[in-house]
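One letter stands for each residue in the lines below.
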There are 2 protein chains.
Amino acid sequence: MEFSSKLLERAVNEMSQLPGIGKRTALRLVLHMLKQPKEQIMSLSNALQSMRNDIKFCKSCYNISDVDLCEICSNPNRDETIICVVEDVRDVMAIENTSSFKGLYHVLGGKISPMDGIGPHDLNIQSLVDKVKAGIVNELIFALSSTMEGDTTNFYIFKQIQDYKINVSTIARGISVGDELEYADEITLGRSIVNRIPFEATLKL
Amino acid sequence: MEFSSKLLERAVNEMSQLPGIGKRTALRLVLHMLKQPKEQIMSLSNALQSMRNDIKFCKSCYNISDVDLCEICSNPNRDETIICVVEDVRDVMAIENTSSFKGLYHVLGGKISPMDGIGPHDLNIQSLVDKVKAGIVNELIFALSSTMEGDTTNFYIFKQIQDYKINVSTIARGISVGDELEYADEITLGRSIVNRIPFEATLKL
């Protein structure tokens, strides 16, 4: 791509570093920005800078936060004996949206993935094990994605904590509410039959 | 969407102002930025700021440029008697990539579109008419997209300059090189037959 301006070229190159944004999309976005008021671009770039520079991670659960201890961890109404283990911040947001979980979270920051060079020590696993050792936790809920990396991570954590008497569960896999059985994949359908639940339990939902 | 951090929320809101970027994509991009070195985010936001603040538009053709008169307009090897009229900077880049055009450009900055509140006076049309009046131009090539807005814009410009003795052409519409006839839409196929060209002309390409 030949650019008529170095400034334009630099902006496009920087934008196209973002995941899922190629050169063409970057050019479209940058040309859009050129048509916007200057204040809006200042506001965008300031928001990005101050986010990158000033954002904190909760010292307990590693969720993104503006303060040292995030709102969830510092909320006295939440059950600190149950910890839901998730991959990243988006998973916390997704589970919080359901209003179905009143415990705390632990954000690993990724999954163990040797292919990407991510080992257990690159993730917030030790601090989770320490929480379990401290004896406050009754239950861990694994809510990682069900990929090979997710399963590996679950298993690695499980091995570290299996000597402590706590419940370890994973979120249920099954057919989505409202989905047709005939279109479900076999593995999910198979699991939903193996892990069937008493009908009476559904009456309380 | 509930955010655990105001800084994160602000960054996501700013990013999701960009066209084609929703809240989820913005969150994904912003979380990616959080994992990048601070220098990279500084570099991105500086590139956007300096682009927005310092970029110039060529005073003759309105192409994006770092100097007052763009490289194309100031190139003595280009034929200033032929002007290709395009919608925006991307069209200039696309045509330049073909190396098939040695004239100059005129970037309108959009198309006449009453639905979007864009009238002739919001576009760089008067300066184009002035160039024609000045008498240097021999030919105008309309290279706008073939939509109703593009056709309206072509016609509006044509009415302004029809009293001057210059050639006015539009780029050829037809079947793409390498495409199968059976999959072409009727309008394009129809036009490619009506506007057929002497076979001998193709031997020179």
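From a predicted model like this one, the values you see are computed outputs, not experimental measurements. (Residues numbered from 1 in each chain as written. Chains lettered and ligands numbered in written order. Predicted model: local features only at pLDDT ≥ 70, side-chain atom pairs only at ≥ 80, totals over all residues. Heavy atoms only, no water.)

1. Quick notes on helix H3 (residues 38-54) of chain B
- In this model H3(B) runs 24 Å from its N-terminal to its C-terminal C-alpha over 17 residues, within 8% of the 24 Å that 1.5 Å per residue would give.
- Among the residues of H3(B), Ile41(B), Leu44(B), Ser45(B), Ala47(B), Leu48(B), Gln49(B), Ser50(B), Met51(B) and Arg52(B) are the ones counted as buried. (Helix = DSSP H or I, 4+ residues; strand = E, 2+ residues; numbered from the N terminus. Expected span 1.5 Å × (residues − 1). Buried < 20%, exposed > 50% of the residue type's maximum accessible area, 1.4 Å probe, protein only.)

2. Examining the interface of chain A and chain B
- Of the residues lining the interface, 52 residues belong to chain A; the matching set on chain B comes to 52 residues.
- A buried area of about 5400 Å², summed over both sides, lies between chain A and chain B, and 66% of it is on carbon and sulfur atoms.
- Our enumeration of links across chain A and chain B arrives at zero salt bridges.
- Remark: the boundary between chain A and chain B carries 16 residue pairs in polar contact (both at pLDDT 80 or more).
- Broken down by secondary-structure element, the contributors of at least two residues to the side of chain A that touches chain B are helix H1 (6-15), helix H2 (23-35), helix H3 (38-54), strand S2 (64-65) and helix H4 (89-98) of chain A.
- Tallying contributions element by element places H3(A) first for the side of chain A that touches chain B, with 16 residues.
- Residues belonging to the side of chain A that touches chain B are distributed by class as follows: 27 nonpolar, 15 polar and 10 charged. (Contact = heavy atoms within 4.5 Å. Buried area = accessible area lost by both parts, 1.4 Å probe. Salt bridge = Lys/Arg side-chain N within 4 Å of Asp/Glu carboxyl O. Polar contact = N/O pair within 3.5 Å; in protein donor to acceptor, adjacent residues only side chain to side chain. Nonpolar A, V, L, I, M, F, W, Y, C, P; charged D, E, K, R; others polar.)

3. Things to note about the pairing of strand S4 (residues 103-107) of chain A
Residue and element names in this part refer to chain A.
- The element S4 is largely enclosed, with a buried count of five among its five residues.
- Across five bridges, strand S3 (residues 79-86) lies against S4 in parallel orientation. Bridge assignment links Ile-83 to a residue of S4, and that residue is Leu-104.
- In the classification by handedness, the crossover that spans S3, the intervening H4 and the parallel S4 is right-handed. (Pairing = 2+ DSSP bridges. Right-handed = clockwise from strand over helix to strand, strands pointing away.)

4. Things to note about the UniProt feature "domain: Toprim" (unreviewed entry) in chain A
- The sites that UniProt annotates as "domain: Toprim" (unreviewed entry) are residues 81-176 of chain A.
- Split by type, residues 81-176 of chain A is 34% helix and 20% strand. Its first and last C-alpha atoms lie 28 Å apart. (UniProt positions renumbered as here; feature names shortened; annotations may be inferred.)

5. Description of the sheet that holds strand S3 (residues 79-86) of chain B
Residues and elements named next belong to chain B.
- With parallel pairing, four strands are arranged side by side in an open sheet as S4-S3-S5-S6. Whereas interior strands pair on both sides, the edge strands pair on one side only; in this sheet they are strand S4 (103-107) and strand S6 (167-170). Along the sheet, successive strands turn relative to each other by an average axial angle of 25°, direction set aside.
- Across the face of the sheet, helix H5 (residues 126-134) comes into contact with S3, S4 and strand S5 (139-142) while running at roughly 145° to S4.
- Across the face of the sheet, helix H6 (residues 148-161) comes into contact with S3, S5 and S6 while running at roughly 165° to S5. (Axes fitted to C-alpha atoms, helices over the stretch in contact; angles between N-to-C directions.)

6. Considering the sheet that holds strand S5 (residues 139-142) of chain A
All names here are of chain A.
- Taking strand neighbours across the sheet as the criterion, the four strands line up as S4-S3-S5-S6 in an open arrangement whose pairing is parallel. The open sheet has two free edges, formed respectively by S4 and strand S6 (167-170), since each of these has just one partner strand. Strand-to-strand twist in this sheet, taken as the mean axis angle between neighbours without regard to direction, amounts to 25°.
- The sheet contact formed by S3 and S5 spans four bridges and is parallel. Paired with Val-85 across the strands is Phe-142, a residue of S5.

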